[in-house]
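Architecture and fold: a report
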Amino acid sequence: MARVLALTADLMFGSRLQGEAAAAGHELELIGDEQRLRARLADDAAPAPALLICDLTDERLDGAAALEALRSAGQLGALPALAFYSHVDVAVRARAVQAGFDLVVARSRMAREGAALVGALIERGAGSSR
């Protein structure tokens, strides 16, 4: 079982992601804002995450800026990061790619293939740390 952190304030979609992750044998922890994400990553007593997911559809969250800041502060190390965006917002997608997400997908694809995408990135991340 791997621990996945999800930066999203959307509880409905987040719950859906939690269910898919659980079905794939992973535990997904919902985190509603960047400040809480930073605190969670700094908590040495908490289980180490295997993946970070960022919701780019929420205007209150700037997942691309958060990823850049966390990477530059050394809080993520080689942790793989997945982002999802509204398929009509190509500027958000381009910004996420520029920020360095390992994978950026449309929200509809995340809804359809979330468990498989999470599994593939966790496996890839585990392989890179060996």
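Whatever comes next refers back to the structure up there.
Anyway, here's the lowdown on the structure attached to this text. Residues take numbers from 1 onward in each chain, read along the sequence in its written order. Whole-chain, interface and lining totals are the exception, using all residues; otherwise, since this is a predicted model, local features are given only for residues with pLDDT of at least 70 and side-chain atom pairs are given and counted only at 80 or more. As a convention, hydrogens and water are excluded, and side-chain values are obtained from all of the structure's heavy atoms.

1. A closer look at the environment of valine 90
As a reminder, the rule being used: Helix and strand assignments come from DSSP, with helices taken as H or I runs of at least 4 residues and strands as E runs of at least 2, each series counted from the N terminus. For every residue, the accessible area (1.4 Å probe, protein chains only) is compared with the maximum for its type, and the residue is labelled buried under 20%, exposed over 50%, or partly exposed between those bounds.
In this fold, valine 90 is placed in helix 4 (residues 90-99). Overall, valine 90 belongs to the exposed group, its relative accessible area being 60%.

2. A short note on the sheet that holds strand 1 (residues 3-7)
How we decide: Pairing between two strands is assigned when DSSP locates at least 2 bridges connecting them. In this analysis an axis means a line fitted to C-alpha atoms, helices contributing only their contacting stretch, and an angle means the value between N-to-C directions, from 0 to 180 degrees. By definition in these notes, contact holds between two residues if any of their heavy atoms fall within 4.5 Å.
Across the sheet, which stays open at both edges, the five strands sit in the order 2-1-3-4-5 with parallel pairing between neighbours. Edge positions in the sheet fall to strand 2 (27-31) and strand 5 (103-106), since each has one partner strand and no second. Averaged over all pairs of adjacent strands, the angle between their axes in this sheet comes to 20 degrees, without regard to strand direction. Pairing geometry for strand 1 and strand 2, over five bridges, is parallel. Note on strand 2: the bridge partner recorded for alanine 6 is leucine 30. Sitting on the sheet, helix 2 (residues 34-42) touches strand 1, strand 2 and strand 3 (51-55), and the angle it makes with strand 1 is about 155 degrees.

3. A short note on the packing of aromatic side chains
Quick reminder of the rule: Whether two aromatic rings pair depends on their centres lying within 6.5 Å, for rings of Phe, Tyr and Trp, where Trp uses its six-membered ring; planes under 30 degrees apart make the pair stacked, over 60 edge-to-face, and the rest tilted. Only lysine NZ and arginine CZ atoms are considered, and such an atom sits over a ring when it is within 6 Å of the ring centre and within 35 degrees of the ring normal.
Counted by the stated rule, this structure contains one aromatic pair. Between the aromatic rings of phenylalanine 13 and phenylalanine 84, the centroid separation amounts to 5.1 Å while the plane-to-plane angle is 50 degrees, which identifies the pairing as tilted. Of this pair, phenylalanine 13 sits in helix 1 (residues 11-23) while phenylalanine 84 is found in strand 4 (residues 81-85), placing the two residues 71 residues apart along the sequence. The pair formed by phenylalanine 13 and phenylalanine 84 is uniform in burial state, with each residue classed as buried. It is arginine 107 that lies over the ring of phenylalanine 13; its NZ or CZ is 4.0 Å from the centre.

4. Things to note about helix 1
Note the cut-off: Given the number of residues in a helix, its expected span is that number minus one, multiplied by 1.5 Å. The reported arc concerns the directions from the helix axis to the C-beta atoms and nothing else.
Between the first and last C-alpha of helix 1 there are 18 Å, a value that for 13 residues agrees with the 18 Å anticipated at 1.5 Å per step. Taken together, the buried positions of helix 1 are Phe13, Gly14, Leu17, Glu20 and Ala21. Summarising the axial view, the buried residues of helix 1 lie within an arc of 120 degrees, below the 170-degree limit, and thus occupy one face. Helix 1 presents Leu11, Met12 and Ala23 as exposed residues on the side facing more than 90 degrees away from its buried surface.

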